[in-house]
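Coordinates in review
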Number of protein chains: 6
Amino acid sequence: MASKKLTEYAEATAEVRAVYDDIMATRKTDRINNFWKALASHPPTLRRTWESVKDVMTPGALDSLTKEMVYLAVSASNGCDYCIASHTAGARKQGMTDEMLGELLAVVGMANETNRLANGYQVEIDEVFRTPSS
Amino acid sequence: MASKKLTEYAEATAEVRAVYDDIMATRKTDRINNFWKALASHPPTLRRTWESVKDVMTPGALDSLTKEMVYLAVSASNGCDYCIASHTAGARKQGMTDEMLGELLAVVGMANETNRLANGYQVEIDEVFRTPSS
Amino acid sequence: MASKKLTEYAEATAEVRAVYDDIMATRKTDRINNFWKALASHPPTLRRTWESVKDVMTPGALDSLTKEMVYLAVSASNGCDYCIASHTAGARKQGMTDEMLGELLAVVGMANETNRLANGYQVEIDEVFRTPSS
Amino acid sequence: MASKKLTEYAEATAEVRAVYDDIMATRKTDRINNFWKALASHPPTLRRTWESVKDVMTPGALDSLTKEMVYLAVSASNGCDYCIASHTAGARKQGMTDEMLGELLAVVGMANETNRLANGYQVEIDEVFRTPSS
Amino acid sequence: MASKKLTEYAEATAEVRAVYDDIMATRKTDRINNFWKALASHPPTLRRTWESVKDVMTPGALDSLTKEMVYLAVSASNGCDYCIASHTAGARKQGMTDEMLGELLAVVGMANETNRLANGYQVEIDEVFRTPSS
Amino acid sequence: MASKKLTEYAEATAEVRAVYDDIMATRKTDRINNFWKALASHPPTLRRTWESVKDVMTPGALDSLTKEMVYLAVSASNGCDYCIASHTAGARKQGMTDEMLGELLAVVGMANETNRLANGYQVEIDEVFRTPSS
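The following paragraphs examine the structure supplied in this document. Note that the structure is predicted; figures quoted are calculated from it, not measured.

For the rest of this paragraph, the subject is the overall build of chain A. The secondary structure content of chain A amounts to seven helices and zero strands. Scanning chain A from its N terminus toward the C terminus, one meets helices and strands in the order α-α-α-α-α-α-α. Computed over C-alpha atoms, the radius of gyration of chain A comes to 19 Å, more than 25% over the 14 Å expected from 2.2 N^0.38 for 134 residues, which places it beyond the range of a compact globule. For chain A, the C-alpha atoms occupy an extent of roughly 55 × 30 × 30 Å along the three principal directions.

Moving on, we get to the interface of chain D and chain C. Counting residues at the interface gives 65 residues for chain D, matched by 65 residues for chain C. Of the roughly 5700 Å² buried between chain D and chain C on both sides combined, carbon and sulfur atoms contribute 69%. Ranking the residues of chain D by area buried against chain C places V107, Y121 and F129 of chain D at the top, with a combined share of 12%. Summed over the shared surface of chain D and chain C, the result is six salt bridges. At the junction of chain D with chain C, the criterion picks out 26 residue pairs in polar contact (both at pLDDT 80 or more). Looking at the side of chain D that touches chain C, the elements that each hand over two or more residues are α2 (34-39), α3 (43-57), α4 (64-78), α5 (81-93), α6 (98-120) and α7 (127-130) of chain D. Residue composition of the side of chain D that touches chain C, grouped by class: 33 nonpolar, 20 polar and 12 charged.

On to the packing of aromatic side chains, then. The final tally for this structure, using the stated rule, is 30 aromatic pairs over all chains. Both rings, one in Y9 of chain A and one in Y20 of chain A, keep their centres 6.3 Å apart while their planes meet at 35°; by these two values the pair is tilted. Of this pair, Y9 of chain A sits in the segment before α1 (14-27) while Y20 of chain A sits in helix α1, placing them 11 residues apart in sequence. Judged by relative accessible area, which is 32%, Y9 of chain A ranks as partly exposed. Taking 4.9 Å as the distance between ring centres and 75° as the angle between the ring planes, the aromatic pair formed by F35 of chain C and W36 of chain C counts as edge-to-face.

With that settled, the discussion passes to the relation of the copies chain D and chain C. Overlaying chain D with chain C gives an RMSD of 0.0 Å, the required rotation being 180° about an axis along which the chain moves by 0.0 Å. Such a turn and shift between the copies fits a two-fold axis. Mapped onto chain C, 100% of the interface residues of chain D again fall at the interface, so both copies present the same surface.

Bringing the relation of the copies chain A and chain B into the picture now. For the match of chain A to chain B, the screw axis carries a shift of 0.0 Å, the RMSD comes to 0.0 Å, and the turn is 180°. When the interface residues of chain A are mapped onto chain B, 100% of them again fall at the interface, so both copies present the same face.

In this structure, W36 of chain A, W36 of chain B, W36 of chain C, W36 of chain D, W36 of chain E together with W36 of chain F are the most contacted members of the largest nonpolar core, which totals 288 residues. When near neighbours in sequence (up to four residues on either side) are disregarded, W36 of chain E contacts Y20, I23, R27, L46, T49, W50 and V53 of chain E.

For the structure shown, the criterion picks out 54 salt bridges over all chains. A salt bridge links R47 of chain A to D55 of chain D, with the nearest nitrogen and oxygen atoms 3.7 Å apart. One end of the pair, R47 of chain A, is in helix α3 (residues 43-57); the other, D55 of chain D, is in helix α3, on a second chain. A salt bridge links D98 of chain E to R92 of chain E; its shortest N-O distance comes to 3.0 Å.

All names here are of chain D. The topology assignment puts K37 in helix α2. Sequence-wise, K37 and K5 are 32 residues apart; in three dimensions their C-alpha atoms are separated by 7.8 Å. Aside from chain neighbours lying at most four places away, what touches K37 is K5, L6, T7, E8, Y20 and I32. Within the structure, K37 has its side chain in polar contact with the side chain of E8 (distance 3.0 Å).

Turning our attention to the state of the cysteines. All names here are of chain A. Tallied over the entire structure, the rule returns six disulfides over all chains. With its sulfur 2.4 Å from that of its partner, C80 forms a disulfide with C83. Handedness here is read from the sign of the S-S torsion; for C80 and C83, about 45°, the answer is right-handed. Taking the relative accessible area as the measure of exposure, C80 reaches 2% and is therefore buried.

Owing to a relative accessible area of 34%, R47 of chain B belongs among the partly exposed residues under this scheme. Along the chain, R47 of chain B and V16 of chain B lie 31 residues apart, while their C-alpha atoms are 7.8 Å from each other.

Note: interface size is frequently given as the accessible area lost on complex formation between the parts. Contact with chain A, which involves 65 residues of that partner, is made by 65 residues of chain B. Summed over both partners, the interface of chain A with chain B buries about 5600 Å², with 69% contributed by carbon and sulfur atoms. Contact with chain B buries area across many residues of chain A, yet V107, Y121 and F129 of chain A alone supply 12% of it, more than any other trio. The interface formed by chain A and chain B holds six salt bridges in total. For the pair chain A and chain B, the interface holds 26 residue pairs in polar contact (both at pLDDT 80 or more). At the level of elements, α2 (34-39), α3, α4 (64-78), α5 (81-93), α6 (98-120) and α7 (127-130) of chain A are the ones that each hand at least two residues to the side of chain A that touches chain B. The leading source of residues in the side of chain A that touches chain B is α6 of chain A, at 17 residues.

Moving on, we come to the packing of α6 of chain D against helix α6 (residues 98-120) of chain E. One way to put it is that α6 of chain D packs onto α6 of chain E with a least axis distance of 8 Å and a crossing angle of 150°. The orientation of α6 of chain D with respect to α6 of chain E, classified from their angle, is roughly antiparallel. The hand of the α6 of chain D/α6 of chain E crossing is right-handed. Between α6 of chain D, through L105, A106, V108, G109, M110, N112, E113, R116, L117 and G120 of chain D, and α6 of chain E, the contact on the second element is made entirely by L105, V108, G109, M110, N112, E113, R116, L117 and G120 of chain E. Grouping the constituent residues of the contact of α6 of chain D with α6 of chain E by class yields nine nonpolar, six polar and four charged.

All right, on to unusual backbone geometry then. Of note, the phi angle at K28 of chain A is positive, near 50°, even though the residue is not glycine. When you line up the elements, K28 of chain A lands in the loop between α1 and α2. Its identity as a non-glycine residue notwithstanding, Q122 of chain E has a phi of 50°, on the positive side. Following the sequence through the fold, Q122 of chain E ends up in the loop between α6 and α7 (127-130). Note on Q122 of chain E: relative accessible area 18%, which makes it buried.

So, how was this worked out
Residues numbered from 1 in each chain as written. Chains lettered and ligands numbered in written order. Predicted model: local features only at pLDDT ≥ 70, side-chain atom pairs only at ≥ 80, totals over all residues. Heavy atoms only, no water. Helix = DSSP H or I, 4+ residues; strand = E, 2+ residues; numbered from the N terminus. Rg over C-alpha atoms; globule rule 2.2 N^0.38 Å. Contact = heavy atoms within 4.5 Å. Buried area = accessible area lost by both parts, 1.4 Å probe. Salt bridge = Lys/Arg side-chain N within 4 Å of Asp/Glu carboxyl O. Polar contact = N/O pair within 3.5 Å; in protein donor to acceptor, adjacent residues only side chain to side chain. Nonpolar A, V, L, I, M, F, W, Y, C, P; charged D, E, K, R; others polar. Phe/Tyr/Trp six-rings, centres within 6.5 Å; stacked < 30°, edge-to-face > 60°. Buried < 20%, exposed > 50% of the residue type's maximum accessible area, 1.4 Å probe, protein only. Least-squares fit on C-alpha atoms with pLDDT ≥ 70 in both. Core = buried A, V, L, I, M, F, W, Y, C linked by side-chain atoms within 4.5 Å. Disulfide = S-S within 2.5 Å. Axes fitted to C-alpha atoms, helices over the stretch in contact; angles between N-to-C directions. Parallel < 35°, antiparallel > 145°, perpendicular 65-115°, else oblique. Left-handed = near helix turned anticlockwise from the far one by under 90°.

So this is what it looks like as structure tokens:
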């Protein structure tokens with residue numbers, strides 16, 4: 001089996017199908033993304049990664065839209081083409097508008113710029129930021 | 001003047017003071033962070049960066065808290081110690097709780113993990129993600 | 001000559017051919033990868049890079065398979081598509097199985113996740129890790 | 001509670017203590033690293049991250065030393081100071097010698113160099129690397 | 001409107017056209033790159049980014065060629081395919097030869113290698129580098 | 001010997017001293033930076049890295065100042081504290097002024113910003129940038 005093999009439902013083992021079924025039920029869809037079909041070449045990674053993503057993306061103190069936008073922000077910052085495409089779609093599904101995407105990417109851009117200015121100027125952390133906040 | 005020189009208000013030129021004044025007025029504070037004091041060694045960068053940050057961080061389709069959390073997410077992902085410290089403080093000032101920080105960093109962590117799994121498995125982008133969404 | 005020019009053996013200078021010959025002899029193959037054909041547009045880089053790679057990848061305290069897997073791990077972490085493709089092939093040639101690839105990418109993913117958790121939580125290095133280990 | 005708070009065993013909740021106990025039992029140690037004490041400020045992240053790390057680092061097709069060295073390689077590549085310090089210690093505990101560390105970092109260095117040469121020269125992936133390998 | 005929408009001049013608003021006109025006048029060209037056509041989906045980002053790029057890339061203490069090469073160096077280091085392609089073209093337009101590109105990418109490669117060796121060996125900053133230089 | 005061990009000249013082997021002597025002669029200095037003293041724990045890495053750096057940094061189509069500034073630009077972009085400190089010193093020694101540093105870091109910042117905007121907007125490479133330039 002090649003590293004780029006995508007495991008379709010029809011050919012999947014019971015172990016893999018169980019994860020696919022949970023993905024489709026949780027996300028209320030009948031599609032499995034290529035990401036999961038690729039991870040299926042190593043079932044323990046498929047299962048563990050899905051369980052972690054499901055846990056982490058469940059709405060809690062942050063809602064689903066905010067979480068999807070943060071996921072997209074990190075993926076755009078890292079330059080992961082697959083993840084940018086899939087999480088742009090995911091965030092839009094949660095209600096992200098063009099205007100919100102524009103503001104999100106503007107923040108991502110500025111953060112990347114000022115991160116490097118802080119590095120390059122070797123800025124010392126202000127004493128006030130070092131104090132635990134509570 | 002050294003690269004690590006911090007320009008204090010008392011010694012600043014009128015051009016630099018004008019930016020410092022606008023920072024303090026906009027942020028309703030009487031402190032200037034070391035980041036801006038370091039940028040003051042190159043006044044055009046100080047002015048341009050502040051104008052951009054002010055524009056980008058103004059609440060719009062996304063509120064100030066969401067923007068600060070995205071800024072922190074990118075900074076944590078990039079490993080910029082200064083920016084992590086200052087934007088953790090900034091997000092807390094906008095209302096970020098420990099629970100929200102915990103969920104934010106959990107998403108940042110998972111995004112960094114799955115970005116690399118998508119890379120490593122050389123996953124092809126799903127056709128459905130390639131279609132413009134409008 | 002364009003930056004994307006690939007220099008084929010037939011059109012190569014004696015200086016470039018000498019490197020190509022050494023690559024083919026060392027790797028026991030009759031193919032030159034596009035990477036080397038691209039570097040040939042700057043012969044000093046071709047020669048120096050090949051000499052360094054040859055030195056570094058020679059089995060020593062670490063065997064060839066381990067070295068290829070580490071190369072792949074770094075490339076997957078950095079998101080270099082070319083390098084992921086070529087070093088996946090390289091590691092498989094040295095004996096990497098699907099199971100080993102699965103475990104390797106799982107470690108790469110977790111390292112990327114916990115690197116960002118350590119950043120985001122601004123974790124202080126434990127005193128015990130600061131002590132030289134000898 | 002501040003972001004840099006470290007939760008000691010004595011003050012930990014039962015939920016956190018259960019994870020700490022499992023860490024100490026699994027690793028046959030009576031110390032909890034600062035990393036885990038920091039994650040304890042968000043117990044779901046502490047539990048999930050520990051379960052994932054435990055799963056991923058269990059010897060399988062790759063042994064513990066190889067896994068620790070890959071973890072260190074990624075951390076050195078990413079520049080995570082905490083993770084470099086802790087996984088250098090972890091790999092040494094599994095038997096990494098100075099010579100092995102030297103060869104490991106040499107591979108990490110070369111991979112980072114050639115990743116950028118492949119990027120900069122915009123090298124096309126060889127057709128032979130695109131073919132699934134089995 | 002989709003995230004991948006490119007706004008052509010003919011369909012652009014007056015606000016967007018004003019930026020396009022300034023880009024073409026400043027660069028003495030009648031083409032607008034896809035980058036700007038993509039940013040046009042969020043006009044404030046288009047305007048702000050163009051104003052910043054124009055400011056930053058104006059020759060000053062560094063000439064245009066040096067600035068374009070630095071831009072390319074960072075883009076190659078970050079692995080941004082679009083930016084590598086566009087700034088390779090930009091630097092060539094300013095006079096970058098194959099030989100200069102070869103030397104530039106060689107420095108980028110070495111910097112990426114030694115950055116990771118410095119990380120991995122946890123090298124302490126020399127006291128002499130800590131002293132402000134003036 | 002620990003990973004953070006710095007090998008001083010007095011305790012160095014003949015092999016290591018030969019490299020140190022060449023560094024001091026080439027750079028017309030009587031100091032050895034901590035970077036080289038750390039690499040000395042793995043002599044083949046010390047020798048190979050020094051030979052490569054010496055080759056790459058020799059003035060050619062690009063002068064020494066330009067090369068040092070590119071090295072610094074990449075290091076600031078990557079956030080390598082050691083390398084930022086040492087190459088800021090190196091570039092200043094070659095004549096970099098505060099004004100040049102200001103402009104250099106401004107380009108580094110903008111490149112990091114626009115790299116992420118290009119990623120996030122999933123911008124297609126313009127056909128004209130795909131054509132080999134000669």
